[in-house]
Amino acid sequence: MNNGYDIPALGLGMWKLPEGDEAETAVRLALEAGYRLFDSAAWYGNERSLGRSVRNSSVPRDQVFITTKVWNTDHGYQPALQAFEESYRSLDLDHVDLYLIHWPVEGKRMDTWRALETLLEERRCRSIGVSNYLVPHLEELLDRSEVIPAVNQIELHPWNYLSRKSTVDLCNQKGILVEAYSPLTKGRMLRNRGLRDVAEACGKTPAQILLRWGIQHDFVVIPKSSKEEHIGENAAIFDFELSERHMDLLDSFDRGLATGWDPTGKP
Ligand SMILES: NC(=O)c1ccc[n+]([C@@H]2O[C@H](COP(=O)([O-])OP(=O)(O)OC[C@H]3O[C@@H](n4cnc5c(N)ncnc54)[C@H](OP(=O)(O)O)[C@@H]3O)[C@@H](O)[C@H]2O)c1
């Protein structure tokens, strides 16, 4: 990242992994499968389970990268500081590697960013960044802050890549690492004919093709799964390469698909 810290290229997305057994087991299985990055958020309600599973694992804490995020209702300087304290206590993992503004909510987002700057200065977290920031949100932040976000986490997959390219380009230009969320389109496009053709040609699964596509665009990919076979399958993406022709073909699938909340609207 632009601050000298490393971040793993693959992580476990933790949205919709309910606190308790499901989240704890998924984290344990992912650690066993070699995942070293976990993407949580106050909103996901599973920081306690993430912390417990990492503490119970034999993988040393300094080999694990923990991301969490400040939620929309906690924008503003003091509320964001308070929200961080709550996440920090819930995780109970010595430090937070990356703290993100979850959404660029209108109004107090620059005050929230100031709070993240304070957390960084006070070394409460190692890196700070943003999520769902498009070009206008990034320009506002870059105009008004000396601290460049380490990361911008946005929805990215072949069905929206070209539509998001101006954001990706600005991030690349400013040294902001791009994290691709919902890299599997929440499962919606896994049966797509064009994708299946590429998967068959490469002898890989459609999910592996989407994740490999993200890696070859230099995105960090954070697929979610609670199933052991999927967690393993999604990690087996470092032993093959997509050709330029396949990358171009996948890029051409764009149709502006937003599988979740569309940041071009107002959150
Ligand atoms: N910053 C934000 O605003 C934001 C928004 C959305 C997501 N995110 C982050 O990004 C992460 C991933 O995004 P996501 O959860 O929206 O969706 P996703 O990772 O694109 O897709 C998850 C879905 O795909 C299924 N799946 C996983 N691996 C599979 C495989 N190999 N074959 C077939 N199906 C598979 C999962 O089901 P099973 O569990 O049954 O495997 C689940 O239904 C989130 O968990 C979260 O950490 C961030």
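The structure we're discussing is the one just above.
Residues numbered from 1 in each chain as written. Predicted model: local features only at pLDDT ≥ 70, side-chain atom pairs only at ≥ 80, totals over all residues. Heavy atoms only, no water.

Undergrad: Please explain the side chain of Arg164 as it appears in this structure.
TA: Here Arg164 shows up in the loop between β6 (151-155) and α6 (165-174). For Arg164, a relative accessible area of 11% puts it in the buried group. Other than its neighbours up to four places away in sequence, Arg164 contacts Leu134, Glu155, Leu156, Asp262, Pro263 and Thr264. (Helix = DSSP H or I, 4+ residues; strand = E, 2+ residues; numbered from the N terminus. Buried < 20%, exposed > 50% of the residue type's maximum accessible area, 1.4 Å probe, protein only. Contact = heavy atoms within 4.5 Å.)

Undergrad: Quick question: what am I supposed to make of the packing of aromatic side chains here?
TA: Each aromatic ring pair is characterised by the separation of its centres together with the angle its planes make. One pass over the full model with this rule turns up 8 aromatic pairs. Pairing Trp213 with Phe219 gives two aromatic rings, centres 5.9 Å apart and planes at 65 degrees, and the pair type is edge-to-face. We note that Trp213, like Phe219, is buried. Joined through ring pairs, the aromatic side chains of Phe84, Tyr88 and Tyr99 make up one cluster. If you follow Lys16 out to its NZ or CZ, it ends over the ring of Trp15, 4.6 Å from the centre. (Phe/Tyr/Trp six-rings, centres within 6.5 Å; stacked < 30°, edge-to-face > 60°. Lys NZ or Arg CZ within 6 Å of the ring centre and 35° of its normal.)

Undergrad: Would you take a moment to explain helix α7 (residues 193-202) for this structure?
TA: Residue pairs spaced three or four apart in an α-helix point in one direction, given the helix's 3.6 residues per turn. Looking at α7, one finds that the buried residues are Leu195, Val198 and Ala199. For α7, the angular spread of the buried residues around the axis is 100 degrees, confining them to a single face. In α7, the exposed residues that point more than 90 degrees away from the buried face are Glu200 and Ala201. Its buried side turned inward, α7 meets α8 (206-216) and α10 (244-251). At the N-terminal end of α7, a side-chain oxygen is found 3.0 Å from the backbone nitrogen of Gly194, two or three residues along, and the residue is Asn192. (Arc of directions from axis to C-beta. Polar contact = N/O pair within 3.5 Å; in protein donor to acceptor, adjacent residues only side chain to side chain.)

Undergrad: Explanation requested: the layout of surface pockets in the structure shown.
TA: If you roll a probe as big as a water molecule over the atoms, it shows you where there is empty space left. The space that makes up the largest pocket amounts to roughly 820 Å³. Lining the largest pocket are 34 residues, with Trp15, Ser182, Pro183, Lys186 and Lys224 positioned closest to its centre. For the lining of the largest pocket, the secondary structure elements donating two or more residues are α8 and α9 (228-235). In terms of residues, the lining of the largest pocket owes the most to one element, α9, which gives 3 residues. (1 Å grid on protein atoms, 1.4 Å probe; cavity = no way out; pocket = protein on both sides within 12 Å on 5 of 7 lines; lining within 4 Å. Points joined across faces, edges and corners; volume = space filled by probe spheres on them.)

Undergrad: Looking at this model, I keep getting lost on the packing of α7 against α10. Mind explaining?
TA: A packed helix pair is summarised by two numbers, namely the angle formed by the two axes and the spacing between the axes. Direction vectors running N to C along α7 and α10 enclose 165 degrees, while the axes themselves pass 10 Å from each other. When the axes of α7 and α10 are compared, the pair comes out roughly antiparallel. The element α7 and its partner α10 pack so that their crossing is left-handed. Facing Leu195, Val198, Ala201 and Cys202 of α7, the residues of α10 in contact are His246, Leu249 and Leu250. (Axes fitted to C-alpha atoms, helices over the stretch in contact; angles between N-to-C directions. Parallel < 35°, antiparallel > 145°, perpendicular 65-115°, else oblique. Left-handed = near helix turned anticlockwise from the far one by under 90°.)

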